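Take a look at the letters that make up each chain.
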Amino acid sequence: RHVSRYSTVVVSNPAPGVTLVSLNRPKSLNALSTPLILDLNAAMKEADTDPSVGAIVITGSEKAFAAGADIKEMQHKSFAEVYENSFIENWSEAKTVKKPILAAVNGYALGGGCELALMADIIYAGEKAVFGQPEIKLGIIPGAGGTQRLTRLIGKSRAMELILTGKTFGAKEALDWGLVSAVFPPEKLVDEAVKTASLIASNARLAVQAAKEAVNLGLQVGLDQGLLYERRLFHSLFATEDQKEGMTAFIEKRAAKFKGK
Ligand code: CAA
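Residues numbered from 1 in each chain as written. Predicted model: local features only at pLDDT ≥ 70, side-chain atom pairs only at ≥ 80, totals over all residues. Heavy atoms only, no water.

Colleague: Sorry if this is basic, but what is going on with the confidence of the model for the protein here?
Modeller: A low pLDDT means the predicted coordinates there should not be read in detail. In the predicted model, the protein carries a mean pLDDT of 97, and the fraction of residues at 70 or more is 98%. Interface confidence for the predicted complex, given as ipTM, is 0.98, next to a pTM of 0.96. (pLDDT = per-residue confidence, 0-100.)

Colleague: Please explain the environment of Ile-58 as it appears in this structure.
Modeller: The residue Ile-58 is located in strand E3 (residues 55-59) in this model. On the basis of relative accessible area, Ile-58 is assigned to the buried category, the value being 4%. In the structure, Ile-58 is positioned 151 residues away from Gln-209 in sequence and 18 Å away in space, judged by C-alpha atoms. Non-local contacts of Ile-58, meaning those with residues more than four positions away in its chain, are made with Val-21, Leu-23, Leu-40, Met-44, Phe-65, Ile-101, Leu-102, Ala-103 and Ala-104. (Helix = DSSP H or I, 4+ residues; strand = E, 2+ residues; numbered from the N terminus. Buried < 20%, exposed > 50% of the residue type's maximum accessible area, 1.4 Å probe, protein only. Contact = heavy atoms within 4.5 Å.)

Colleague: Sorry, what's going on with helix H9 (residues 205-218) here?
Modeller: Given 3.6 residues to a turn, an α-helix orients residues that are three or four positions apart in the same direction. Counted at 1.5 Å a residue, the expected span for H9 with its 14 residues is 20 Å, and the 20 Å between its end C-alpha atoms agrees. Residues of H9 that are buried include every one of Val-208, Ala-210 and Lys-212, and no others. (Expected span 1.5 Å × (residues − 1).)

Colleague: Before we go on, may I ask you to explain the layout of surface pockets in this structure?
Modeller: Rolled over the atoms, a probe sized like a water molecule indicates the empty space that remains. Considered as a void within the structure, the largest pocket measures approximately 1200 Å³ in volume. What lines the largest pocket is a set of 37 residues, and nearest its centre among them are Met-119, Ala-120, Asp-121, Asn-216 and Leu-219. Residue assignment for the lining of the largest pocket shows that the elements contributing at least two residues are helix H4 (112-119), strand E7 (122-126), helix H5 (146-154) and H9. If you tally residues by element for the lining of the largest pocket, the top one is H9, at eight residues. In terms of lining residues, the second largest pocket is bounded by 25 residues, among which Ala-69, Met-74, Glu-135, Ile-140 and Ile-141 are the most central. Elements with a minimum of two residues in the lining of the second largest pocket: helix H2 (71-74), helix H3 (79-84) and H4. Of the residues that constitute the lining of the second largest pocket, the class distribution is 16 nonpolar, six polar and three charged. (1 Å grid on protein atoms, 1.4 Å probe; cavity = no way out; pocket = protein on both sides within 12 Å on 5 of 7 lines; lining within 4 Å. Points joined across faces, edges and corners; volume = space filled by probe spheres on them. Nonpolar A, V, L, I, M, F, W, Y, C, P; charged D, E, K, R; others polar.)

Colleague: What exactly am I supposed to notice about unusual backbone geometry here?
Modeller: Glycine aside, the phi torsion of most residues is negative, and most peptide linkages are trans. For Leu-29, which is not glycine, the phi torsion reads 55° and is therefore positive. Assignment of secondary structure puts Leu-29 in the loop between strand E2 (18-23) and helix H1 (34-49). Phi is positive for Ile-88, which is not a glycine, with a value near 65°. One can find Ile-88 in the loop between H3 and strand E5 (101-105).

Colleague: Honestly, the site of the ligand in this entry has me stumped. Any pointers?
Modeller: Around the ligand sit 24 residues, and of these Lys-63, Ile-71, Gly-112, Glu-115 and Glu-135 come closest. Between Ala-67 and the ligand, the recorded distance is 2.9 Å, taken from a backbone N or O atom to a nitrogen atom. Here an oxygen atom of the ligand sits 3.0 Å away from a polar atom, N or O, in the main chain of Gly-143. Contact with the protein chains removes 65% of the 990 Å² of surface that the ligand exposes when unbound. Secondary-structure elements contributing two or more residues to the shell around the ligand are H2, strand E6 (108-110) and H4. Ranked by residues supplied to the shell around the ligand, first place goes to H2 with three residues. (Near = heavy atom within 4 Å. Polar contact = N/O pair within 3.5 Å; in protein donor to acceptor, adjacent residues only side chain to side chain. Areas by Shrake-Rupley, 256 points an atom, 1.4 Å probe, with all protein chains shown as cover.)

Colleague: Please explain empty space enclosed by the protein as it appears in this structure.
Modeller: Across all of its chains, the model carries four cavities of 30 Å³ or more by this definition. Here the second largest cavity defines a volume of roughly 40 Å³. Surrounding the second largest cavity, Met-44, Ile-58, Phe-65, Ala-94, Ile-101, Ala-103, Leu-116, Met-119 and Ala-120 form its lining. Looking at the lining of the second largest cavity, its residues break down into nine nonpolar, no polar and no charged.

Encoded structure:
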């Protein structure tokens, strides 16, 4: 299934229940221009509301996941323009997607590209992936979560060093630091991400959504609040048909047939 109305992303359906969104501005290494972000948001929203989809994979090319916000678009912008128009605020729409998002990162994931990956729920990297927040070299700072999410994920000293120097880091470091959960040869990366997305998509949809919500909330609130929220979501899943089906299938020693209800 190809949805051709997007000009800067290619949407496909590589496995049942999985939407693959490939960023597609090869000439600018997938620089995240405003049109691309609008396409990406629309593609994600469409997958999020499509009942046949259970998980979303975002990828780029083997050379670049995304080389950052579009510097050619930003070069002449004034403070008034970016402030009044809440420039890049719409990047946060990824946060409102309820279904799990996997980022499959080959090549450069710099600046906004790194930040886009950090907005995903799971990151897989290709062996040659290059991550970094080089904004400081352009006279700016990360603007789509780099100073916040990266710091929470890899710790203050490392994040500070990367953000203040603009130095990049590779897949091995990303794995050592827990930023990515697995590293694969570049040509296998997207298939591996699709496999994991398929596995997620085969699980009970409401439970998957609740699990994502609980983990993400826990990163923002105190432990007691997080635990309470988790328990309430856990309780609420007893109202679903899939809980009855999942437990009955276990007792009957057969595979569960989940309905997403
Ligand atoms: N914006 C716009 N165009 C970009 C771009 C970007 N972020 N990154 C690369 N391109 C363009 C280049 O201008 C070039 O276009 P032309 O052919 O028209 O000159 C084309 O993509 C290929 O790039 P290079 O020739 O530079 O390729 P390379 O292999 O020599 O280098 C690179 C690759 C190291 C990724 C280099 O392109 C680079 O450093 N890119 C910029 C990275 C960056 O600074 N990102 C942060 C952006 S700011 C940001 O993201 C703000 C935020 O937090 C939201």
